[in-house]
Amino acid sequence: MTDPTVTRVCFVCLGNICRSPTAEGWMRHLVAQAGQQGAWDIDSAGTGGWHQGEPPDPRAVTAAAARGVVVEGRARRFEPADYDRFDLVLAMDRENRAHLLRLCRDAGDMAKVRLIRDFDPAAAPESDVPDPYYGGQAGFVEILDQIEAACRGLLSARG
Ligand code: 4NP
């Protein structure tokens with residue numbers, strides 16, 4: 001049976017090598033700082049499978065490391081069965097969310113899908129974490145504040 005004291009969250013982007021592993025690492029970092037490791041089950045995945053098995057993009061690793069956050073893991077593709085494993089499935093952008101909603105099997109699955117920035121009280125509704133993959137290092141740095149604010153909001157929402 002699922003432990004109701006544990007919040008199970010999966011961060012989802014397109015490739016699972018830039019944004020979602022960064023969010024996963026950031027959330028782990030904040031949860032550890034708060035001493036709440038036992039209350040969270042944190043993972044990430046991508047809607048696309050092109051990078052399956054690959055480590056995170058070095059640009060994402062470098063940007064987060066400069067703020068003391070470890071980004072690691074291996075890319076994997078989100079699959080419908082993941083809806084059984086998680087309470088919250090947090091999309092980085094609206095395109096990811098649309099893809100995730102197409103993978104839902106029922107209304108229960110759909111209720112788990114949100115945009116990550118919905119958890120940032122300062123973000124406008126429907127805000128995306130933009131895809132940094134085709135840009136330079138600056139884009140990887142820019143998304144850190146967005147990801148951090150959303151993860152802090154998530155941590156306090158689940159209190
Ligand atoms: P991510 O970034 O979705 O934040 O991991 C991307 C990684 C790879 C690709 C696109 C976005 N790609 O097209 O291969």
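Structure report, in brief.

About the thresholds
- Residues numbered from 1 in each chain as written.
- Predicted model: local features only at pLDDT ≥ 70, side-chain atom pairs only at ≥ 80, totals over all residues.
- Heavy atoms only, no water.
- Helix = DSSP H or I, 4+ residues; strand = E, 2+ residues; numbered from the N terminus.
- Expected span 1.5 Å × (residues − 1).
- Buried < 20%, exposed > 50% of the residue type's maximum accessible area, 1.4 Å probe, protein only.
- Pairing = 2+ DSSP bridges.

### A few points about helix H6 (residues 137–157)
Right, so step 1: Compared with the 30 Å implied by 1.5 Å per residue over 21 residues, the 31 Å span of H6 between its first and last C-alpha is a close match.
Right, so step 2: By the burial criterion, the buried members of H6 are Phe140, Ile143, Leu144, Gln146, Ile147, Glu148, Ala150, Cys151, Gly153, Leu154 and Leu155.

### Considering unusual backbone geometry
Where the residue is not glycine, phi is negative for most of them; where a peptide bond is considered, it is trans in most cases.
Right, so step 1: Residues other than glycine seldom take positive phi values, yet Asn16 does so here, at roughly 60 degrees.
Right, so step 2: Looking at the element boundaries, Asn16 is found in the loop between strand E1 (7–13) and helix H1 (19–33).
Right, so step 3: Note on Asn16: relative accessible area 3%, which makes it buried.
Right, so step 4: Despite not being glycine, Glu126 has its phi angle at roughly 65 degrees, a positive value.
Right, so step 5: Looking at the element boundaries, Glu126 is found in the loop between strand E4 (113–115) and H6.
Right, so step 6: Judged by its relative accessible area of 36%, Glu126 falls in the partly exposed class.

### Brief notes about the pairing of strand E3 (residues 88–91)
Right, so step 1: Neither face of E3 is exposed, since Leu88 and Leu90 on one face and Val89 and Ala91 on the opposite face are all buried.
Right, so step 2: Here E1 runs beside E3; their pairing, made up of four bridges, is parallel. Paired with Val12 across the two strands is Ala91, which belongs to E3.
Right, so step 3: Bridge count between E3 and E4: three bridges; the pairing is parallel. Note on E4: the bridge partner recorded for Ala91 is Leu115.

Worth remembering: the numbers are spatial, not functional.
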